Amino acid sequence: MPYAQGVNQNTYIKIEGDGGALDPAVAWIPLRLINNGLSQSVEELESDEMLPGRHMAESRSGVSSVTGDLEAELTYGTFDMLLEAAFHGAWQVKTRTATTVSVAAADDSFNDSASGFVTAGFAVGDVIKVSGFATAANNGQFKVASVAAGKITVTDLAGAAVTLVDELAGASVTIATGGTLKTGSTRRRFAVLKHNEDIGRWLIYRGCEVGTVAIDCPLQGKIGVTFSLIGKKEEAYVFDGVTESIAAPTTSVMMTTFEGSLLEGGTGLNHATALSLTLENGMEAIYRLFSRDAYDIKLGRINVSGSLSAYIEDSRLKDKYLGETKTPLVVSLTDGDNSYEISMTQAKLTTSAEEGSGDDPIIQSYDYRAFNDPAVSTEITITRIPAP
């Protein structure tokens, strides 16, 4: 008789509509996981009644809850919907397509005679992808150094000078960002579908929200991401292969810590040995009388925290810890082609420890917490940077 094995378990998600409705015209999105720990548990209520012979009275079922972790290796584009739900924000993509854009090599700029750059929302620090120019050097990825209505000056992604070539306007040129995500208060609920292919079982978890997302960057390893979900109900499901469909999975490769970078205070922290970050939303199921199922899921405060460790080359981190000085942390995670840039502009080191003896290097370790930056209205920002 066949039995369920992890290698034959697949997971899919779909956004829920009003009242938990699922639109069959919207395809289920496959998730590339290493573990799906989502399940429903039911509390047991034990009786305190005293029976003759020391026997125990029958217990009853109490409240039910749906919780669990979706664990994965971080791959570009696979989990953008869940990241959006965890941040309670929305990916903001800025785009300008026009025939009025020219190039000036003298100041490394793109110039719009229709003055549409500010209206399109471009800002300093944006990573933009430019296409449509006849000259190859004018197309590709750049970082915005300054913005005016009719002019954007740029550098390369590392902040160094670029070599543009003068080109007149006329061609249809597109300047766009990959998308930026900030924290917010927009709630999204998903249905999560678990399919055990070997035994033909389908389970659905309804009303799921992302309570926590954690990203782990170990030394010489795979970058992991964990989404902790909280939902309302688990049910058996019948998948209709006629009216329902499943989208194709992403094909990007996993990200590792052999590539990427970490900046602290605008300077490379090139001696770091580990980094982790967690965004918690303080979410918890709440209940009402005469029902076992959750009434709702409350949304708490944004809490961004993490840890970092590094070899000791100087006192820059210790000085900021002792002085309670907030500092920007920017980490770039990449698969060699596509990247996520994660920025926390108001990070504060909150605990400190050092460990090492004998011939071993001494490792400094810090916990940190990231606070809201009024200038950008977020504790943490993720920027998508697709392959050039």
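In the block above lies the structure referred to throughout.
From a predicted model like this one, the values you see are computed outputs, not experimental measurements.

A.B. asks: Which residues make up the nonpolar core, and what values go with them?
C.D. replies: Among the nonpolar cores identified, the biggest contains 51 residues, and L82, F227, L308 and L333 are the most heavily contacted of them. Of the residues forming this core, the biggest block, seven residues, is contributed by strand β15 (residues 201-217). With near-sequence residues (within four places) excluded, L333 lies in contact with L74, I215, C217, I223, M255, N338, S339, Y340 and I342. Ranked by size, the runner-up nonpolar core spans 17 residues in total, among them F117, F133, I152 and I175.

A.B. asks: Please provide a residue-by-residue account of the sheet that holds strand β10 (residues 140-148), values included.
C.D. replies: With respect to topology, seven strands assemble into an open sheet ordered β6-β12-β9-β10-β11-β8-β7, the strand pairing being antiparallel. Single-partner strands in this sheet number two, and they are β6 (95-98) and β7 (101-104). For this sheet the average axis-to-axis angle between neighbouring strands, irrespective of direction, equals 30°. Pairing geometry for β6 and strand β12 (residues 173-177), over four bridges, is antiparallel.

A.B. asks: Hey, could you go over the packing of aromatic side chains for me, with residue numbers and the actual values?
C.D. replies: By the definition in use, this model includes nine aromatic pairs. Ring plane angle 65° and centroid distance 5.5 Å describe the contact between F110 and F142, whose orientation is recorded as edge-to-face. Of this pair, F110 sits in strand β8 (residues 109-112) while F142 sits in strand β10, and the two are 32 residues apart along the sequence. Given the relative accessible area of 0%, F110 is considered buried. Taken together, the ring pairs in this structure connect Y12, W202 and F239 into an aromatic cluster.

A.B. asks: Before we move on, can you summarise the pattern of salt bridges with the specific residues and values?
C.D. replies: Overall, the coordinates contain 16 salt bridges when judged by the stated rule. The shortest N-O distance in the salt bridge between E84 and R188 comes to 3.6 Å. Here E84 is found in helix α1 (residues 80-87), whereas its partner R188 is found in the loop between β13 (180-182) and β14 (190-196), with 104 residues between them in sequence. Side by side, E84 and R188 carry an identical accessibility label, which is buried. The partner of E354 in a salt bridge is K318, and the shortest N-O contact between them spans 4.0 Å.

A.B. asks: How would you sum up the side chain of K14? Please name residues and give values.
C.D. replies: When you line up the elements, K14 lands in strand β1 (residues 9-15). E244 provides the closest opposite charge to the buried, salt-bridge-free K14, at an N-O distance of 4.4 Å. Of note is the side chain of K14, whose polar atom sits 3.0 Å from the backbone oxygen of D23. At 2.8 Å, the side chain of K14 and the backbone oxygen of V26 are in polar contact. Filtering out sequence-adjacent residues up to four positions away, K14 remains in contact with L22, D23, P24, V26, A27, W28, R189, F190, A191 and E244.

A.B. asks: So what's going on with α1? Residues and values would help.
C.D. replies: Counting buried positions along α1 gives seven out of eight residues, so the element sits mostly inside the fold. Listing the buried residues of α1 in full gives D80, L82, L83, E84, A85, A86 and F87. Immediately beyond the C-terminal end of α1, within one or two residues, lies H88, with a positive phi of roughly 55°.

A.B. asks: Kindly report on the side chain of S332, identifying the contributing residues and their values.
C.D. replies: Considering the arrangement of structural elements, one finds S332 in strand β24 (residues 327-334). Assessed through its relative accessible area of 19%, S332 is described here as buried. When near neighbours in sequence (up to four residues on either side) are disregarded, S332 contacts G260, S261, S339, Y340 and E341.

The rules behind each value
- Residues numbered from 1 in each chain as written.
- Predicted model: local features only at pLDDT ≥ 70, side-chain atom pairs only at ≥ 80, totals over all residues.
- Heavy atoms only, no water.
- Core = buried A, V, L, I, M, F, W, Y, C linked by side-chain atoms within 4.5 Å.
- Buried < 20%, exposed > 50% of the residue type's maximum accessible area, 1.4 Å probe, protein only.
- Helix = DSSP H or I, 4+ residues; strand = E, 2+ residues; numbered from the N terminus.
- Contact = heavy atoms within 4.5 Å.
- Pairing = 2+ DSSP bridges.
- Axes fitted to C-alpha atoms, helices over the stretch in contact; angles between N-to-C directions.
- Phe/Tyr/Trp six-rings, centres within 6.5 Å; stacked < 30°, edge-to-face > 60°.
- Salt bridge = Lys/Arg side-chain N within 4 Å of Asp/Glu carboxyl O.
- Lys, Arg positive; Asp, Glu negative; His and termini not counted.
- Polar contact = N/O pair within 3.5 Å; in protein donor to acceptor, adjacent residues only side chain to side chain.

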